[in-house]
Amino acid sequence: MTDTEIIERLKKIVTPYVQRKEGLENFNKKTDFLNDLKINSANLVDVVLDVEDEFDIEIDNESMEGMLTVGDAKQIILRKLE
Amino acid sequence: MIGNDIVDLRLAALESNIYRPRLQGKIFSEEEQEVIRRAKNQENQFWLFWAMKEAAYKAHQRRFGLRRKFNPKIFECVFTSLEKSTLQYSVFVEGYEYFIRSQISAEFIHCFALSPAVKENKIQFFNKKVNLRKRLISAVAKHFNLPVEEVKIYKDNYSIPQLIQGIQSINIPFSLSHHGRFSAIVFAVN
């Protein structure tokens, strides 16, 4: 799976939780879930669960801890898919 | 240090499904999940524990200047005593204890977490849209008798907000929280 493909799928996953829609316009690996997209922190858990379902992986709490940006999420997905 | 968190219960019910499979396991210990399961009002218990953890996270991060991280499960809600028919809780994280104070109404839940150094505090609630930073500055300036136009909020490299007067940091722990229709500010006065 290419990076671009993962980022596209992540964008689809987070969209329903985004409170600042402008943040989606320039969606890239630096995009911060809380600061740029204003996803509320409770919904960040939903994002984690959606990512688990979409990529059929399990994200342990230690990995979740560092999942603050799109790039962080992409790295975690790649690591779990290995 | 102080951290606070407010939850608009009506909005929370729209934004989150607390019964989503696997959700609670990512946030709560087995014991916390059991307390939620047995609660008369499971939603309220869920959001009470959630707000405790968020409040303690803010206080802990600010106390030690930690980088941001997202792991509510390492914040452990522990029932400590019964005072005037109210359950007293503390949150423990990495060996540190934060005392929790909470307000629960039919519409919102507010929690704040205090490190042992904070003895006295002030709280203000708002149920309409306000500029929280301005409200905090005017409340602090009034309480400590400071010129309001000189007090500012400054964010450091870890995006931890601090109060400054002119160019000097004034060490007044505070925390702001907003969700849906409600906001709250808390600051230390000792």
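Rules of the game
Residues numbered from 1 in each chain as written. Chains lettered and ligands numbered in written order. Predicted model: local features only at pLDDT ≥ 70, side-chain atom pairs only at ≥ 80, totals over all residues. Heavy atoms only, no water. Helix = DSSP H or I, 4+ residues; strand = E, 2+ residues; numbered from the N terminus. Rg over C-alpha atoms; globule rule 2.2 N^0.38 Å. Buried < 20%, exposed > 50% of the residue type's maximum accessible area, 1.4 Å probe, protein only. Contact = heavy atoms within 4.5 Å. Lys, Arg positive; Asp, Glu negative; His and termini not counted. Charge placed at Lys NZ, Arg CZ, Asp CG, Glu CD. Pairing = 2+ DSSP bridges. Axes fitted to C-alpha atoms, helices over the stretch in contact; angles between N-to-C directions. UniProt positions renumbered as here; feature names shortened; annotations may be inferred. Buried area = accessible area lost by both parts, 1.4 Å probe. Salt bridge = Lys/Arg side-chain N within 4 Å of Asp/Glu carboxyl O. Nonpolar A, V, L, I, M, F, W, Y, C, P; charged D, E, K, R; others polar. Parallel < 35°, antiparallel > 145°, perpendicular 65-115°, else oblique. Core = buried A, V, L, I, M, F, W, Y, C linked by side-chain atoms within 4.5 Å.

## Thoughts on the overall build of chain A
Turning to step 1, where the next piece is worked out: Of regular secondary structure, chain A possesses four helices and zero strands.
Turning to step 2, where the next piece is worked out: Going residue by residue from the N terminus, the α and β elements of chain A occur as α-α-α-α.
Turning to step 3, where the next piece is worked out: Radius of gyration (C-alpha) of chain A: 11 Å, near the 12 Å computed for a compact globule of 82 residues.
Turning to step 4, where the next piece is worked out: Principal-axis analysis of the C-alpha atoms places the extent of chain A at approximately 35 × 25 × 20 Å.

## Remarks on the overall build of chain B
Turning to step 1, where the next piece is worked out: What chain B contains, in helices and strands, is five helices and eleven strands.
Turning to step 2, where the next piece is worked out: For chain B, buried positions account for 47% of its 190 residues.
Turning to step 3, where the next piece is worked out: Of the contacts formed within chain B by residues at least 6 apart in sequence, a portion of 58% connects residues at least 24 apart.
Turning to step 4, where the next piece is worked out: Computed over 28 positive and 18 negative side-chain charges, the separation of the two mean positions in chain B equals 5 Å.

## Some details on the sheet that holds strand 11 (residues 182-188) of chain B
Residues and elements named next belong to chain B.
Turning to step 1, where the next piece is worked out: Read across the open sheet, the three strands follow the order 6-11-10; overall the sheet is antiparallel. A single partner strand is all that each edge strand has here, and the edge strands are strand 6 (121-126) and strand 10 (174-179). For this sheet, the mean angle separating the axes of adjacent strands, direction not counted, is 10 degrees.
Turning to step 2, where the next piece is worked out: In the packing of helix 5 (residues 132-144) onto the sheet, the strands contacted are strand 6, strand 10 and strand 11, and the crossing angle to strand 11 comes to about 30 degrees.

## Here's the deal with the sheet that holds strand 5 (residues 108-114) of chain B
All names here are of chain B.
Turning to step 1, where the next piece is worked out: Strands sit in the order 1-5-4-3-2 across an open sheet of five strands; the sheet is antiparallel. Of all the strands in the sheet, the pair left with one neighbour each is strand 1 (2-8) and strand 2 (76-83). Each adjacent strand pair in this sheet contributes to an overall mean axis angle of 25 degrees, direction not counted.
Turning to step 2, where the next piece is worked out: Of the strand pairs in this sheet, strand 2 and strand 3 (residues 86-93) are connected by seven bridges, and their pairing is antiparallel. Among the inter-strand pairings, F79 is bridged to a residue of strand 3, identified as Y89.
Turning to step 3, where the next piece is worked out: Helix 4 (residues 42-64) rests against strand 1, strand 2, strand 3, strand 4 (96-104) and strand 5 of the sheet, and its axis sits at about 150 degrees to strand 1.

## Comments concerning the UniProt feature "domain: Carrier" (unreviewed entry) in chain A
Turning to step 1, where the next piece is worked out: In the numbering used here, UniProt assigns the feature "domain: Carrier" (unreviewed entry) to residues 5-81 of chain A.
Turning to step 2, where the next piece is worked out: Secondary structure content for residues 5-81 of chain A is 55% helix and 0% strand, and the end C-alpha separation is 14 Å.

## A word on the interface of chain A and chain B
Turning to step 1, where the next piece is worked out: The partner chain B presents 18 residues to the 22 residues of chain A that form the contact.
Turning to step 2, where the next piece is worked out: Overall, the association of chain A and chain B removes approximately 1800 Å² of surface from exposure, summing both partners, and the carbon and sulfur fraction of that is 47%.
Turning to step 3, where the next piece is worked out: Its largest share of buried area at the contact with chain B, chain A owes to A:L49, A:N61 and A:E65, together 31% of the area lost on that side.
Turning to step 4, where the next piece is worked out: There are eight salt bridges connecting chain A and chain B.
Turning to step 5, where the next piece is worked out: Here B:R20 makes a salt bridge to A:D46, at a shortest N to O gap of 3.0 Å.
Turning to step 6, where the next piece is worked out: Listing elements by their share of the side of chain A that touches chain B, those giving two or more residues are helix 2 (41-55) and helix 3 (61-65) of chain A.
Turning to step 7, where the next piece is worked out: Per-element tally for the side of chain A that touches chain B: the top contributor is helix 2 of chain A, with eleven residues.
Turning to step 8, where the next piece is worked out: Residue composition of the side of chain A that touches chain B, grouped by class: ten nonpolar, six polar and six charged.

## Describing the packing of helix 2 of chain A against helix 4 of chain B
A pair of packed helices can be characterised by two numbers: the angle between their axes and the separation between those axes.
Turning to step 1, where the next piece is worked out: Where helix 2 of chain A meets helix 4 of chain B, the axes come as close as 11 Å, and the angle between the chain directions of the two elements is 100 degrees. Accordingly, the angle class assigned to the pair helix 2 of chain A and helix 4 of chain B is roughly perpendicular. On the side of helix 2 of chain A, the interface is formed by A:S41, A:A42 and A:V45, while helix 4 of chain B contributes B:W47, B:W50 and B:E54.
Turning to step 2, where the next piece is worked out: The residue inventory of the contact of helix 2 of chain A with helix 4 of chain B, partitioned by class, reads four nonpolar, one polar and one charged.

## A closer look at the nonpolar core
Turning to step 1, where the next piece is worked out: Core analysis: the largest hydrophobic core is formed by 59 residues, its most contacted members being A:V14, A:F33, A:V51, B:W47 and B:M52.
Turning to step 2, where the next piece is worked out: With eleven residues, helix 4 of chain B is the largest single contributor of residues to this core.
Turning to step 3, where the next piece is worked out: Setting aside residues up to four positions removed in sequence, A:F33 forms contacts with A:V14, A:K38, A:I39, A:L44, A:M67, A:L68, A:T69, A:V70 and A:A73.

## Quick notes on the pattern of salt bridges
Turning to step 1, where the next piece is worked out: By the definition in use, this model includes 20 salt bridges over all chains.
Turning to step 2, where the next piece is worked out: Residue B:R20 pairs with A:D53 through a salt bridge whose shortest N-O separation is 3.7 Å. One end of the pair, B:R20, is in the loop between helix 1 (9-15) and helix 2 (23-27); the other, A:D53, is in helix 2, on a second chain.
Turning to step 3, where the next piece is worked out: A relative accessible area of 47% places A:D53 in the partly exposed class.

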